[in-house]
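# Working through the structure, step by step
Below are the chains, spelled out letter by letter.
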Amino acid sequence: QVQLVESGGGLVQAGGSLRLSCAASGFFFSINAMGWYRQAPGKQRELVARMNTGGSANYADSVRGRYTIPRDNAKNTVYLQMNSLKHQDKAVYYCNILIASHNYWGQGTQVTVSS
């Protein structure tokens, strides 16, 4: 059983930064892809950022230039570095990791952006 544990969410002022973490545990040899999704109230879950095996990253237009998705392979951890946060970034963020063609999801962490 692969488990993803998220952390790092919370309250931040507009213009500030947060770093979310997603640590994977369990039995696996490699991660094929990793990414972050978010879901705001009344909206569908949407892709925020995704990193594939080749190292290239894709970002939603709304976050491109403000978010990055660094990783630490030794710790089996993927991060979401969020800078210049806006009110529109308020959502529950979920990490997603693809291992052996199977998707695993984190429990979600709330990000709230204040004035």
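Residues numbered from 1 in each chain as written. Predicted model: local features only at pLDDT ≥ 70, side-chain atom pairs only at ≥ 80, totals over all residues. Heavy atoms only, no water.

### Some thoughts on the state of the cysteines
Selection criterion: When the sulfur atoms of two cysteines come within 2.5 Å, that pair is taken as a disulfide. Secondary structure is summarised from DSSP: a helix means a run of H or I of at least four residues, a strand means a run of E of at least two, and numbering begins at the N terminus for each. Whether a residue is buried, partly exposed or exposed follows from its accessible area with a 1.4 Å probe, protein chains only, as a fraction of its type maximum: under 20%, in between, or over 50%, in that order.
A full pass over the atoms with the stated rule returns 1 disulfide. The disulfide bridge from Cys22 ends at Cys95, spanning 2.0 Å between sulfur atoms. Across the disulfide from Cys22 to Cys95, rotation about the S-S bond amounts to roughly 50 degrees, and the bridge is consequently right-handed. Placement of Cys22 in strand E3 (residues 18-25) and of Cys95 in strand E10 (residues 91-99) is noted, with a sequence separation of 73 residues between them. The class of Cys22 is buried, set by a relative accessible area of 0%. A relative accessible area of 0% places Cys95 in the buried class.

### Things to note about the side chain of Thr109
What counts is decided by this rule: Contacts described as polar in this section are N or O atom pairs within 3.5 Å, which, within protein, must combine one atom able to donate a hydrogen with one able to accept it, while residues neighboring in sequence count only if both atoms come from side chains. A contact between two residues is defined here by any heavy atoms of the two lying within 4.5 Å.
Note that Thr109 resides in strand E12 (residues 109-114). In this structure the side chain of Thr109 is engaged in a polar contact, spanning 3.3 Å, whose partner is the backbone nitrogen of Gly9. In this view, Thr109 contacts Glu6, Gly9, Leu20, Ala91, Val92 and Tyr93; residues no more than four positions away in its chain are not counted.

### Observations concerning the confidence of the model for the chain
Rules: Every residue carries a pLDDT, the predictor's confidence in it, which falls somewhere between 0 and 100.
For the chain, the mean per-residue pLDDT works out to 94, and 100% of the residues sit at or above 70. Within the chain, no element has a lower average pLDDT than strand E8 (residues 71-72), which sits at 90, and none a higher one than strand E2 (residues 10-13), at 98.

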